[in-house]
Amino acid sequence: MAYGLASKMTPTTAWTIFAPTDAAFAERLQASLGITPAQLLTPAKNAILTESGIAVKEKHAWTILAPTDAAFAARLNASLGMSAAELLRPANRDTLQQVLSYHIIPSGSFLSSELENCQQLLTRLKDTPPLTARVSITTAKVFAASGGSQQQKALRLSFEGATNSARVLKPDIEAGSSVVHIIDDVLLPRGVGKGAVLQYYPSFESVLTGAKLKTMMAAFQASGITLSPEQRYTILAPTDAAFATRLGKSLGMQPSDLLAPANADRLHKILSYHILPRGNLLSSNLKNGQKAAGIVVEPSNAFTILAPTNFAFADRLNKTFNITPADLLKPESRETLQTVLGYHIIPSGAVKSSQLRDCLTVATALQDPNNTAANLTVRVRKGKVDFEGPTNDARVITADVSAGESVIHILDDVLLPPGVGAKAAAPSFPSLAAALQGANLTILAAAVQASGITLSPAANYTIMAPSDYAFVTRLNASLGIAPMDLLQPKNAATLRAVS
């Protein structure tokens, strides 16, 4: 190991040193960090950061994503057709600044343990969509030197950008007030690289404004057509000159005539014929003769409705509010009823389960005093769709139920809006029987009595208490019996085992 030690060792201290061979050092550094032993021992001289003009100061508490040298070389060659040295040339300064700014999260120094799955992180690059953090827990088998092995959990972290994603190789490197995560690829913002997507616009209207398509903008606003932010479209947008020419030749009118109330139906049909609902069709993916049907988009009478089952309503209302569904319908509960139901309506259109994407944020009909919509997060895992709120989540158990122009997804729980259903301090009961009665856990109370189990009043216990709904569903799904069947003498052994 001929590289020397940066730390000081005194002769009076006893050390145990694990000394990798030169070959082992070189192999591991290249495989895991993409650097050589010489680079490890040399003070950092980040030419790319220096040439970009971006100053990382001690006072900055940033999160910096740092691609390895190998990642830079591979991505620059594959997507930009250049080397790292070429990226540093004055002619490429704008590209350099865009790429590096896309790797800086200025809102804070986030350690890997502080990041949440699906978290949206704005970068230093303006007018770009945020990066999405993807966090998961993996399990690996670790072998001990003395023999044997054990399962060990590890955090897996990656960042998804507009065009590609990168996995964290080495997290949580402190750099002053900032933190650095070393990643295995260079994240490319929109508009950078071969086959790059054009400039990012946050909405269809902003595209029309940016492209100066005044006639299309006026026509779209006059049509009353609404596009669901959860759905992907391909939109064909004629220029102002194209509108004027075609309307004059084919209909004998000016663009302003098309916007008149008398031509509302005609305007609606023309615009609908320019909206393709089957995702983002890039020009490079279109084939000669390919057919693409236009969409008939009606003014927004279509909703996505999240509908908890009767069991879910009864269970959630009991656990969180200590009321029944009938109580929720009383006049004094009207405000709570409206708040809860508004949180289960997505007003932007009828969105089927196949159109939902993992980590998608959807706005509900519920708004706060500042007219900001309360959001839900969509999670799609192993073919299952969940909606997550700040308090709880609910799984779709039956999807895509048609209801006129709307679509209904049936849920296994009631989603609680922000600030609704926050429980007061748990009440105190003198006995287990009193606690079960107070919580309306009738099945568990009957099961405890039938089991013959006695608890010592001098001992402390922690008791897992399934709700009546949980008893009904689990006994039916796993044992094929009803709760009352469990209380029969023939099932005494099963009852005691469950208890």
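Keep in mind it's a predicted model, so treat the numbers as computed, not measured.

## Observations concerning the pairing of strand β15 (residues 393–403)
- Inspection of the sheet shows strand β14 (residues 384–388) paired to β15 by 3 bridges, in the antiparallel sense. Its bridge partner lying in β15, Glu388 is registered against Asp393.
- The turn linking β14 back onto β15 is made up of 4 residues.
- Both β15 and strand β16 (residues 406–411) contribute to a ladder of 5 bridges, which runs antiparallel. From the neighbouring strand, Val396 faces β16, where its bridge partner is Leu411.
- Counting the residues that bridge the hairpin from β15 to β16 gives 2 residues, and of these Gly404 lies at a positive phi of roughly 65 degrees.

## So, the pattern of salt bridges
- Applying the stated criterion across every chain yields a total of 10 salt bridges.
- Taking the shortest distance from any N to any O, the salt bridge between Asp315 and Lys319 comes out at 3.3 Å. Taken together, the residues span about one helical turn, with Asp315 and Lys319 both in helix α12 (residues 310–321) at a distance of 4 residues.
- Asp315 gets classed as buried once you look at its relative accessible area, which sits at 11%.

## Observations concerning the side chain of Ser158
- Tracing the backbone shows Ser158 in strand β5 (residues 149–160).
- Here Ser158 falls in the buried class, since its relative accessible area comes to 19%.

## Remarks on the sheet that holds β14
- With mixed pairing, the 7 strands of this open sheet are ordered in space as β11-β10-β16-β15-β14-β13-β12. Strands with a single pairing partner mark the edges of an open sheet, and in this sheet they are β11 (345–346) and β12 (361–367).
- Lying over the sheet, helix α14 (residues 334–342) contacts β11 and β12, oriented at roughly 160 degrees with respect to β12.

## Quick word on helix α9 (residues 240–251)
- In this model α9 runs 16 Å from its N-terminal to its C-terminal C-alpha over 12 residues, within 8% of the 16 Å that 1.5 Å per residue would give.
- Positive backbone phi, approximately 65 degrees, marks Gly252, located one or two places after α9.

What counts and how
Residues numbered from 1 in each chain as written. Predicted model: local features only at pLDDT ≥ 70, side-chain atom pairs only at ≥ 80, totals over all residues. Heavy atoms only, no water. Pairing = 2+ DSSP bridges. Helix = DSSP H or I, 4+ residues; strand = E, 2+ residues; numbered from the N terminus. Salt bridge = Lys/Arg side-chain N within 4 Å of Asp/Glu carboxyl O. Buried < 20%, exposed > 50% of the residue type's maximum accessible area, 1.4 Å probe, protein only. Contact = heavy atoms within 4.5 Å. Axes fitted to C-alpha atoms, helices over the stretch in contact; angles between N-to-C directions. Expected span 1.5 Å × (residues − 1).

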